[in-house]
Every structure is written in structure tokens, then in C-alpha cells.
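Take a look at the letters that make up each chain.
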Amino acid sequence: MATKAFDLSKFRKTLTKSIDGLGVGFNDPTDWVSTGNFALNYLISGDFNKGIPLGKVTVFAGESGAGKSYICSGNIIKNAQEQGIYCILIDSENALDEKWLHALGVDTSEEKLLKLNMAMIDDVAKTINEFMKEYKTMEERPKVLFVIDSLGMLLTPTDVNQFEAGDLKGDMGRKPKALTALVRNCVNMFGNYNVGLVCTNHTYASQDMFDPDDKISGGQGFVYASSIVVAMKKLKLKEDEDGNKVSEVNGIRAACKIMKTRYAKPFETLQVKIPYETGMNPYSGLVDMFEKAGLLKQSGNRLEWVDPETGEAHKFYRKEWKDDKLDMVMEKFHIIAKAPIISEEIEVNE
């Protein structure tokens, strides 16, 4: 008796029809949004121009004033809008003023941005779920980026009920579970579409002497579900516009550590300068990165870079290595860096 051959194509069709929402094949990111900083882009994605991907979940976590909102609600939304990506900004802190967003170059018109003020995790989940139901029915689906600023300020129904009753006992671990469920569902809903999620979250000091890294609030469940997690720490910037040391504080140094990424080497560190007057320079951090990678080498009182194709030496003072000069190194970086950059731990002492 002849055996019937297994029909793989028929099985695939039957399977996709029987299970709603099942995706078949790979869903590698096709759209990326810059963080506004070339060095940070590279440490996250392995590319100076890419940054964070659509179809995935990215978390920026850090203490208050570390630059999380500046990067996520400012730079990332601005760059996404320039790529034609529609942004939905969920503000749980009631802290994102229109004037501040305008100063960072964000277009707050209804055609480019929808800003929602929400305090409840359940409301955020319902909003995203209702949006995705409608989104899946569209014939022409736009590219969309959700930004939640922040996860740490979202409340559970238990928080509200206890507050109204005047009996604040804590939520008994319900919030970490709710945040994990929120992120897991977003991962499953966004995977097959050009819809991404960027979140900010708070951190608290570690009590473990053997693991001194700050801990992200809300438990570890949503960290496992995220594709990218960046930890940020605030340091004082005591420099003038020319890089000379001064006594007054003129901005912050955002010390970033890539805790998790699926696109580059994790646990890399970087310091990004954000002056109060001028904002972040997209080239900030590149000189230190290239110097640690051995691309920029000390030659007397200057830093020297040798073009790998022509052999021509380019030698400038440290302060002169910026903009077009750093563009030269980035342009040839694929030739020079055959392996990921292995950076040293950045000291965080002030």
C-alpha cells in the first residue's frame, strides 16, 4: 500500500487558518529609528544610523533626570516623524509639555502625533489592543510607534481602590505581573507588523554588593520580553561649549549601559553629553568609543586615525575631532571593525 506524501504547503495553509494571529516565517526588523546619537545607535543595533526597531519592544530605564524622556519622547519621536512614522505618545506622568516637545523638534500636530494622558495599566492595554484590532483590518497599514513615558508611574486598580479607601497597603505584586502581561502581549501583537513600542521606566539602587547595577522597577518579567534594554544614570556635566572644565553644572552626562540587545554585543557602556543650552550632539561619545577601540590613537598631543584604504593619516587635537572628521571614521568603520567594539567600563564617579 502506497503511503501518502506529506503536503507541507497544505499543512501551512491549514495551520494559519485554524490559529488566529499565527505568524509564519521570520519577521526581521525592516524599519529603524535613530536615538539621535550615533554611538548609542551602534551599541544598540550594530549600526550608526539604525537605533531602535519597529516590531519590537525597547525599554530605557534610569533615575530621574537621566535623559530618558529626552531620548524617547524627544529624539526618537522626532526622528520617527521624519521617516513618516505616526507616533502615539502615552504620558503617565503628565510631564510632557507641548513647548518642551517643540524645543526638541517634535511635531505635535494631530497628523503626526497623538498624545494620550493615562494613569492606569489597564487603560494602556485596552488602548493598544483596540488600536491593533482596527490596524489589522486596514488594507494599507501605516508605520506606527507607541511611546510610553513611563511604565513606572502607571497604576493598577488596586492602587486606586486603596487610595480611595485611605488604606495604602501596596498592590501585593500585582503591578509587576500587569506590566509583564502588557509587554508580552505587545510583543505578540507587534511582531508581524511595522508597529513598535518604546518605554521609559524607573530604577532603584541595588542592595546587592555583588551586583551593583541599578535595578529596574516593576520586576524582571517585562525585561525578558523586551528586545532592547538600556540602563541610564545621571552625571553632572561641568564643561563649557568648547569642552573646557568649569565649576558650574551646564548639563548632564547620561551614562548608558546596554543591558540587553539582540542586535549587538550587550553590556557595552557609553557617556552621552546633554548640555542644557544646546541639547545633545549626535556625535557625542564617538571619540571615546573610537579611542577605546584603537581607531583613534594618541600621537603627541593629538589623536591620529589612519585611513584603512588609502593609508593616509589624519591627526587633530581632541577638540577638533567632530562632525565631518568623525564622519570619515564612521564611513570606513565597516572595514576597520571586523569584530564588535569591546569597550571598557565607564567610571561613574563625579
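For the structure itself, look to the data block above.
Note that the structure is predicted; figures quoted are calculated from it, not measured.

Procedures and definitions
Starting from 1, residues in each chain are numbered consecutively following that chain's sequence as written. Restriction of local features to residues with pLDDT of at least 70 applies here, the model being predicted, together with a cutoff of 80 or more for giving and counting side-chain atom pairs; totals for whole chains, interfaces and linings are based on all residues. In computing side-chain properties, one takes all heavy atoms of the structure into account and sets aside hydrogens as well as water. Secondary structure elements are defined from DSSP: runs of H or I of at least 4 residues count as helices, runs of E of at least 2 residues count as strands, and each element is numbered from the N terminus. With the radius of gyration taken over C-alpha atoms, the globule rule is written as 2.2 Å times the number of residues to the power 0.38. Burial classification: accessible surface area is computed with a 1.4 Å probe over protein chains only, and a residue below 20% of its type maximum counts as buried, one above 50% as exposed, and the rest as partly exposed. Any two residues whose heavy atoms approach within 4.5 Å are treated as being in contact. Methods summary: accessible areas were calculated by the Shrake-Rupley approach with a probe of 1.4 Å, and residue burial reflects only the protein chains presented. Positive charges come from Lys and Arg alone, negative charges from Asp and Glu alone, with His and the N- and C-terminal ends not counted. To locate a charge, take atom NZ for lysine, CZ for arginine, CG for aspartate or CD for glutamate. N or O atoms closer than or at 3.5 Å make up a polar contact, with two conditions inside protein: a donor-capable atom paired with an acceptor-capable one, and, for residues adjacent in sequence, both atoms drawn from side chains. Patches draw on residues past 30% relative accessible area with no salt bridge. Two like charges within 9 Å are joined, as are two nonpolar side chains (Val, Leu, Ile, Met, Phe, Trp, Tyr) within 5 Å. We count a salt bridge whenever a side-chain nitrogen from Lys or Arg sits within 4 Å of a carboxyl oxygen from Asp or Glu.

Enquirer: How should the overall build of the chain be read in this particular structure?
Expert: When you go through the chain residue by residue, the secondary structure sums to 11 helices and 14 strands. In terms of overall dimensions, the chain is globule-like: its C-alpha atoms have a radius of gyration of 23 Å, near the 20 Å expected for 350 residues. Each principal axis of the C-alpha atoms in the chain carries an extent, and together these give about 75 × 75 × 45 Å. When the 350 residues of the chain are sorted by exposure, 43% land in the buried category. Contacts spanning at least 24 positions in sequence make up 66% of the contacts within the chain whose residues lie at least 6 apart. Element-wise, carbon and sulfur atoms account for 51% of the exposed surface of the chain, whose accessible area totals about 19300 Å². Each charge class in the chain was averaged separately, 44 positive and 51 negative side chains, and the resulting centres sit 6 Å apart.

Enquirer: Explain the environment of E291 here, please?
Expert: Its location among the elements puts E291 in helix α9 (residues 286-292). Residue E291 is classed as partly exposed on the basis of its relative accessible area of 26%. Taking the C-alpha atoms as reference, E291 lies 9.5 Å from E304; in sequence the two are 13 residues apart. When neighbours within four sequence positions are excluded, E291 is seen to be in contact with L296, Q298, L303 and R318. At 2.9 Å, the side chain of E291 forms a polar contact with the side chain of R318.

Enquirer: What's the story with the side chain of Q271 in this structure? I'm lost.
Expert: Relative to the elements of secondary structure, Q271 occurs in strand β11 (residues 269-275). Polar side-chain contacts of Q271 include one of 2.9 Å to the side chain of R253.

Enquirer: Got a minute to help me understand a negative patch on the surface in this structure?
Expert: On the surface, a cluster of negative charge is contributed by D323, D324, D327 and E331. Along the polypeptide, E331 turns up in helix α10 (residues 324-331).

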